[in-house]
Structures are given as C-alpha cells and as structure tokens.
Amino acid sequence: MNEYIILSNNFYEIYIDKKYEDFGKDVMNYSTVKLKEYLNFFKEDKLLKKLKGSFFDNRKDFLTRIKYIAPNEGLPPEWATGCFYGGEAQILVDKDNLNKKFRTLAHETFHIIFQKNIYEKFDIDRIVWLDESLAANFSGEIDDELNNGIFIEYIKKYLNKENLPKMNDLDFKKGNIKTEEYNAYHFFHIVGRYLRENMSDEELFEFVKNKNLVFENGNTILNDSLEYFKNKYKMVVNNE
C-alpha cells in the first residue's frame, strides 16, 4: 500500500511515497538549484507560487493523478514516464532504479517555466522540439550522456541516416516522437546541445522568443547539429 506524503520548500511541493522520502528530498534540492538557473535565464525574479510535482512507482496512480489534475486533456502515450499536465510535473519512477528519474523533475520544471515565459507571454503555440531540446539540456541530462558516451552514440546512429524528419514536424499528437526508425528524444538532445554550444544565454533567449526564426531553423537544425558534432567529434565518428 502506497503512503503518500508532501515534501516542500520555498519553491516546490512534492507528492511522493513515504518510502522514497530521502530520494524526494535530494531531487527537490537539485531541482531547486536548476529552477533558480531557469528563472535567471528567463529574467524572472521569483515564482508567483510553488511548483508541484508528483512521483509514483506504478502506472495506475500515475494516470489517476493526471486524470485528476487535467480531466479534460488526453492521457500521455504508453511509453511516457514524465509529464507536465495542469502546471504540475507527474513522474513515474522505476522502483528498482530511482536515479533514472533523478533529473526528471528539473526537466518538467523547465517545460512549465518555458510555457509561462515564452509560449503564453508571446502567444506562441507549442513547438515541441524547441522546449524538449532545451529542457533536456538545461536539466543536466545531457551532461550524463556526454560523460557515459551515449551522446556520441546518438551522433553515430543518425549521422548518415537518410530521410530524417524535420524538427518542425515532430508532435506528440501526430504520434511521431518514437517510431521504428528513430527516437525523437535523441534528436532533441542533439539539437538542444547544439543550441547551447553555439549561442550565449542572451542570444538563446532572443531566439526562443522569435517564432518565425525558430520555424525557419527547425527545417535544417537537425542536419546542422549533426554536421557540427561530426566535426567536433570527427576522430570518434570516423573510427566507428
């Protein structure tokens, strides 16, 4: 039987099973550091209210929470384990390896802050590749992938692959995020890293506010990113 408790600080209110309390505190502390970085990037001084996050170790409770928070929205795809319905982060953890989801609250927090400070503020409909690419990079996930070599494996996998999708066409509603040919999250990670390595925070902030510029780049940015990392890691790529 799950016994849920609430953990909180000045920035978060986290709903989590009591047996994961220590994990929840560590996640909250890490995510708080990241949240402060996000606020600085978006030139915001403070939050108007605490952000909420919910952690579950079974899909039934995970989906029940989503239905409760956002009863009029569709459910996430079967493979999804992290969402941000109704302005709250919902996270499904692997009870055998909690650390797989250590950075997920920080990732979902970025989506929530991005929604408020870019999409709503500048009246832009969601551009999936844009916020997914940046959430993965701002949250620290890509640092892990760079350290363990997974990131370079993504480059190798897609570098010479034909008929890659245009980033602008990727959308959860189209069901084309994870297919037999590709996993678009790999693209998000590659493109987001490309943006962060080639723009200052000031330049990136101006970029994400410019819908037309984002769409223009979305047609070529995956190939541009792959070419950039091919050159950066040419010795690794050429030795596969």
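Residues numbered from 1 in each chain as written. Predicted model: local features only at pLDDT ≥ 70, side-chain atom pairs only at ≥ 80, totals over all residues. Heavy atoms only, no water.

Q: Explanation requested: the overall build of the chain in the structure shown.
A: Across its full length, the chain carries eleven helices and five strands. A principal-axis box enclosing the C-alpha atoms of the chain has dimensions of 50 × 40 × 30 Å. Within the chain, the fraction of its 240 residues that count as buried is 48%. Within the chain, counting contacts between residues at least 6 apart in sequence, those at least 24 apart form 64% of the total. Total accessible area on the chain stands at roughly 12800 Å², and carbon and sulfur atoms take up 45% of it. Each charge class in the chain can be summarised by its mean position, and for the 35 positive and 41 negative side chains these summaries are 2 Å apart. (Helix = DSSP H or I, 4+ residues; strand = E, 2+ residues; numbered from the N terminus. Buried < 20%, exposed > 50% of the residue type's maximum accessible area, 1.4 Å probe, protein only. Contact = heavy atoms within 4.5 Å. Areas by Shrake-Rupley, 256 points an atom, 1.4 Å probe, with all protein chains shown as cover. Lys, Arg positive; Asp, Glu negative; His and termini not counted. Charge placed at Lys NZ, Arg CZ, Asp CG, Glu CD.)

Q: What is the right way to look at the packing of aromatic side chains in this model?
A: By convention here, two paired aromatic rings are described through the distance between centres and the angle between planes. Counted under the stated rule, the structure contains 26 aromatic pairs. Taking 4.8 Å as the distance between ring centres and 15 degrees as the angle between the ring planes, the aromatic pair formed by Y4 and Y15 counts as stacked. One end of the pair, Y4, is in strand β1 (residues 4-8); the other, Y15, is in strand β2 (residues 12-17), with eleven residues separating them in the sequence. For the pair F42 and F110, a centre-to-centre distance of 5.8 Å together with 45 degrees between the ring planes defines the contact as tilted. One end of the pair, F42, is in the loop between α1 (21-41) and β3 (51-56); the other, F110, is in helix α3 (residues 104-120), and 68 residues separate them in sequence. Here F42 and F110 have matching classes, each one buried. (Phe/Tyr/Trp six-rings, centres within 6.5 Å; stacked < 30°, edge-to-face > 60°.)

Q: Help me understand the packing of helix α7 (residues 184-198) against helix α10 (residues 221-232) in this model?
A: Their axes nearest at 9 Å, the elements α7 and α10 cross at an angle of 70 degrees. In this view, α7 runs roughly perpendicular relative to α10, as classed from their interaxial angle. Every residue of α10 that contacts α7 at F187, I190, V191, R193, Y194, L195, E197 and N198 is listed here: I221, L222, D224, S225, L226, Y228, F229 and K232. (Axes fitted to C-alpha atoms, helices over the stretch in contact; angles between N-to-C directions. Parallel < 35°, antiparallel > 145°, perpendicular 65-115°, else oblique.)

Q: Looking at this model, I keep getting lost on the sheet that holds β2. Mind explaining?
A: The five strands are arranged β1-β2-β3-β5-β4 in an open sheet whose pairing can be described as mixed. Taken across any chain shown, the strands that pair with only one partner, and hence form the sheet edges, are β1 and β4 (82-83). Here β4 runs beside strand β5 (residues 88-92); their pairing, made up of two bridges, is antiparallel. Its bridge partner being in β5, G82 is matched across the sheet by I91. With respect to the sheet, helix α2 (residues 59-69) is in contact with β1, β2, β3, β4 and β5, its orientation differing from that of β5 by roughly 165 degrees. Lying on the sheet, α3 is in contact with β2, β3, β4 and β5; it crosses β5 at an angle near 150 degrees. (Pairing = 2+ DSSP bridges.)

Q: Whenever I open this one, unusual backbone geometry confuses me. Can you help?
A: Leave glycine aside and you will find that most residues have negative phi; peptide bonds, for their part, are mostly trans. You will see that K43, though not glycine, has its phi angle at about 60 degrees, which is positive. By the element assignment, K43 lies in the loop between α1 and β3. One non-glycine residue with positive phi stands out, namely D123, at about 55 degrees. Mapped onto the elements of the fold, D123 is located in the loop between α3 and α4 (128-138). Classification of D123 by relative accessible area gives exposed; the value is 65%.

Q: So what exactly am I meant to see when it comes to the nonpolar core here?
A: Buried together is how nonpolar side chains tend to be arranged in soluble globular proteins. Counting 68 residues, the largest nonpolar core has W129 and L130 as the members making the most contacts within it. F56, F62, A80 and Y85 belong to the second largest nonpolar core, which has nine residues in total. (Core = buried A, V, L, I, M, F, W, Y, C linked by side-chain atoms within 4.5 Å.)

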